[in-house]
Amino acid sequence: MAIGHNGNLVNTAELLDQLPGGRSRLVGTTDTEVLTALLATEPASDLVEALLRVLPRVSGAYSLVVMDETRVIGVRDPYGFRPLVLGVLQTAEGEGWVLASETAALEVLGAEYVRDVAPGEMVVLGDGPEPRSVIFADAREQLCVFELIYFARPDSYMLGRNLYEVRRRMGVALAGEAPVEADLVMPVPDTGAAAAAGYAAARGLPDRQGM
């Protein structure tokens, strides 16, 4: 089994108490390792069943891509704090399904965006020609605002919107809310470039790179 985890769990101490051997059986100190150990020790018939039994006990932000010998499984926490998208790749052998944290990654691969993995959803690739959807929790989407303003690549799409345009419009809004006398507008760091461009355009100021 292999796990890729984007996020942070907030009840790792409680989860360690549920793990046979507790912290002493773990080599590292990450919440991802705790989750992996819980899945490995869960008495279940397969990985999907183990996930269905472990995930209701997990609190925090997690988008997971989990792989066993035959399947790739995408999981998004019930609040959808972190993004996860499903895409399809046309190959010589036929359609191939892919999972990624952002739409920009699909474009790099030449894959086509299909949809977001829903909060509280598990998508199983490998059980058949089409992805299998398993709902494991009631959904209440609360995408982390830092994805929109900082974490994600500006050429990605989230909530149906291009993030460069979202950030540019934030800069325009900021220019209206907090106008200042200035010689130029400079983004810090690079993720502020789109917002700086919007602010500069709205204020009639030059936009320059300085760092």
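In this text, all values refer to a predicted model and were calculated from it rather than measured experimentally. (Residues numbered from 1 in each chain as written. Predicted model: local features only at pLDDT ≥ 70, side-chain atom pairs only at ≥ 80, totals over all residues. Heavy atoms only, no water.)

**Some details on the layout of surface pockets**
Left-over empty space is what a probe sized like a water molecule reveals as it rolls over the atoms.
Moving on, step 1. The space that makes up the largest pocket amounts to roughly 150 Å³.
Moving on, step 2. Met-1, Leu-39, Ala-40, Glu-42, Ala-44, Asp-46, Leu-47, Ala-50, Asp-68 and Glu-69 together form the lining of the largest pocket.
Moving on, step 3. Among the elements of the structure, helix H2 (31-41) and helix H3 (47-54) are those that each provide at least two residues to the lining of the largest pocket.
Moving on, step 4. When grouped by side-chain class, the residues that make up the lining of the largest pocket number six nonpolar, no polar and four charged. (1 Å grid on protein atoms, 1.4 Å probe; cavity = no way out; pocket = protein on both sides within 12 Å on 5 of 7 lines; lining within 4 Å. Points joined across faces, edges and corners; volume = space filled by probe spheres on them. Helix = DSSP H or I, 4+ residues; strand = E, 2+ residues; numbered from the N terminus. Nonpolar A, V, L, I, M, F, W, Y, C, P; charged D, E, K, R; others polar.)

**A few points about H3**
Moving on, step 1. If you check which residues of H3 are buried, you get Leu-47, Val-48, Ala-50, Leu-51 and Val-54. The buried residues of H3 occupy an angular sector of 160° when the element is viewed end-on, so they sit on one face.
Moving on, step 2. Tucked inside the fold, the buried residues of H3 contact H2, strand E2 (60-67), strand E3 (72-76), strand E7 (121-125) and strand E8 (132-135). (Buried < 20%, exposed > 50% of the residue type's maximum accessible area, 1.4 Å probe, protein only. Arc of directions from axis to C-beta. Contact = heavy atoms within 4.5 Å.)

**Quick look at empty space enclosed by the protein**
Moving on, step 1. This model, assessed by the stated rule, comprises one cavity of 30 Å³ or more.
Moving on, step 2. Approximately 80 Å³ is the volume attributed to the largest cavity.
Moving on, step 3. Pro-83, Asp-116, Tyr-157, Met-158 and Leu-159 are, among the 13 residues lining the largest cavity, the residues nearest its centre.
Moving on, step 4. Residues of the lining of the largest cavity, tallied by class, amount to six nonpolar, three polar and four charged.

**Points about the sheet that holds E8**
The strands making up a sheet associate through backbone hydrogen bonding, with each pair oriented either parallel or antiparallel.
Moving on, step 1. The sheet built from five strands is open, its strands ordered E1-E2-E3-E7-E8 with antiparallel pairing. Strands with a single pairing partner mark the edges of an open sheet, and in this sheet they are strand E1 (2-9) and E8. Ignoring which end each strand starts from, the neighbouring axes of this sheet average 10° apart.
Moving on, step 2. The sheet contact formed by E1 and E2 spans eight bridges and is antiparallel. From the neighbouring strand, Gly-4 faces E2, where its bridge partner is Val-65.
Moving on, step 3. The sheet strands contacting H2 are E1 and E2, and the helix crosses E1 at an angle near 125°. (Pairing = 2+ DSSP bridges. Axes fitted to C-alpha atoms, helices over the stretch in contact; angles between N-to-C directions.)

Honestly, it's all geometry; don't read function into it.
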